[in-house]
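Residues per chain, in single letters:
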Amino acid sequence: MNKKKILILSCVLLVLLALLAVVLNLPDKTKPKTDSPVKTENVVHEEKSAYSVNYDSISAITLYSQEGQYEFVKNDLEWMCQSHPDEEFNMTKVGSLAVRLSAVSCVDIIPDASFESADFGIDINSPGVSFVCDLGTVNLYCGQQSVSGEGYYFFTSLSDDMYIISVNEYKALFAPISQYKKDNVQSVDYEKISAIEFRNENCTFSLRHGEADVNEGIPYEWRMTAPIQAMARDAEIDERLIKPLEERFENPYVSELGDYENYGINRENNYMVVTDSDGNSQTVYFSSEIGGKCYMSIDDSHFIYEAGSDGDSYAKIQLIDIVSRNLYLTHQSKLSKVVVEGDGNDFVVDFSDSSKMNVNGKEITDTVSRNDVFNSVCALLADDVSTEPIGDVKMKITYHLKDSQVVTLDFAEKDARYWRVSVNGTPTYIILKSKVDANMEKLKNYSK
């Protein structure tokens, strides 16, 4: 065989080998389906639309739950429950759901998924939500949480694609039917609460918002009016009293049967009345802590919710948590002098000249020391609250303000460790003696 024929045969052989390699690497369509719901080479990691329909064409919504099917229909622009006409629903929430159903976004797409729906925890015979629009009836299915934990598998009758929707999208689309039911309580604007009356097994107190304090300019918006007259702690009131009321709608109620006793709700001894500036009020009844949780109901509603924020609860609240712990607080610029007498302490701190300060005649010049002196007489923090008579006065701190007001703290022994304190003659606080002693020692050193 000559060289030319050998060269031609070699070329043909190389072409055949190349074709064989291509054929061997083609996907084998006869392979069985994989059991894994994750096929990362087919997942497109980008946020995009799962589907979109004409919102105005949505005319009916069906929610599927353990309690049955709830069918809502739109009559002109108003939604109504066709399947349960005797029950009351928040139709504003149903309308919001319709908006959400018109366009659903996803975080991941598994195109034309070649897996069985069951691999994703989806029962194709049991949709979670369905709605009617100009495309016909659309069924939505939600499966198990994705392996990555970023959301839930989601399937629709509009496509063969499988999606992963975010946790927030899942909660919005597949919320329990309880989220749409009315709890029939009087409307109160929680942004405008002006008064609170509170009682639990630990304490009873009254609060008023926006009442002017005698010490103008102190940045407190709330004031306790009973059992003592004192400034109250704004942040604690917002976080521990008001926030749980606002949060109750974020989770479904735990019961709609009014079975208060089953949830430990004591409607005689555990309650809070909140009133807004328009005069609307609600009475909130709550339980003691049960298994780390607290429950509440509102007014005469039979709906029962989880109460508390970040594991806290109304049942735990004590007076000292809400009232300001400062025995007395004012601005340094408003003080004329502070006089300390008794228990071996005799100091006069002169604030009359805003450019300087002195303790028993000893001038304090540097800013750090002046602030330290001020805190020694105006930053005494109580350890508890008491309305019991204080007894024989052993020590006294008198605050003379430039506007001629005078505020007096009287100290009497509770026991070897604590002082009882009255403010202008009214028993108010309990404070550790060691705290007072430490501050008096500072004044002694500054007076030398």
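A few points on the structure. (Residues numbered from 1 in each chain as written. Predicted model: local features only at pLDDT ≥ 70, side-chain atom pairs only at ≥ 80, totals over all residues. Heavy atoms only, no water.)

Structural notes on the packing of helix α6 (residues 367-378) against helix α7 (residues 433-447)
Here comes step 1: Close contact between α6 and α7 brings their axes to 9 Å; oriented N to C, the two are set at 140°. Taken as axis vectors, α6 and α7 run oblique relative to one another. With respect to the hand of their crossing, α6 and α7 are arranged in left-handed fashion. Within the contact between the two elements, α6 uses Ser-369, Asp-372, Val-373, Asn-375, Ser-376 and Val-377 and α7 uses Asn-439, Met-440, Lys-442, Leu-443 and Tyr-446.
Here comes step 2: For the contact of α6 with α7, a count of residues per class yields five nonpolar, four polar and two charged. (Axes fitted to C-alpha atoms, helices over the stretch in contact; angles between N-to-C directions. Helix = DSSP H or I, 4+ residues; strand = E, 2+ residues; numbered from the N terminus. Parallel < 35°, antiparallel > 145°, perpendicular 65-115°, else oblique. Left-handed = near helix turned anticlockwise from the far one by under 90°. Contact = heavy atoms within 4.5 Å. Nonpolar A, V, L, I, M, F, W, Y, C, P; charged D, E, K, R; others polar.)

Structural notes on the pattern of salt bridges
Here comes step 1: The full count for this structure, using the stated rule, is 15 salt bridges.
Here comes step 2: A salt bridge links Asp-372 to Lys-442; its shortest N-O distance comes to 3.3 Å. You can see Asp-372 sitting in helix α6 and its partner Lys-442 sitting in helix α7, a full 70 residues away along the chain.
Here comes step 3: Note on Asp-372: relative accessible area 22%, which makes it partly exposed.
Here comes step 4: The partner of Lys-396 in a salt bridge is Asp-410, and the shortest N-O contact between them spans 4.0 Å. On the criterion of sequence distance, the pair formed by Lys-396 in strand β24 (residues 393-401) and Asp-410 in strand β25 (residues 406-413) is long-range, its members being 14 residues apart.
Here comes step 5: According to the relative accessible area criterion, Asp-410 is buried, its value standing at 13%.
Here comes step 6: Connected via shared salt-bridge partners are Glu-236, Arg-240 and Asp-321. (Salt bridge = Lys/Arg side-chain N within 4 Å of Asp/Glu carboxyl O. Buried < 20%, exposed > 50% of the residue type's maximum accessible area, 1.4 Å probe, protein only.)

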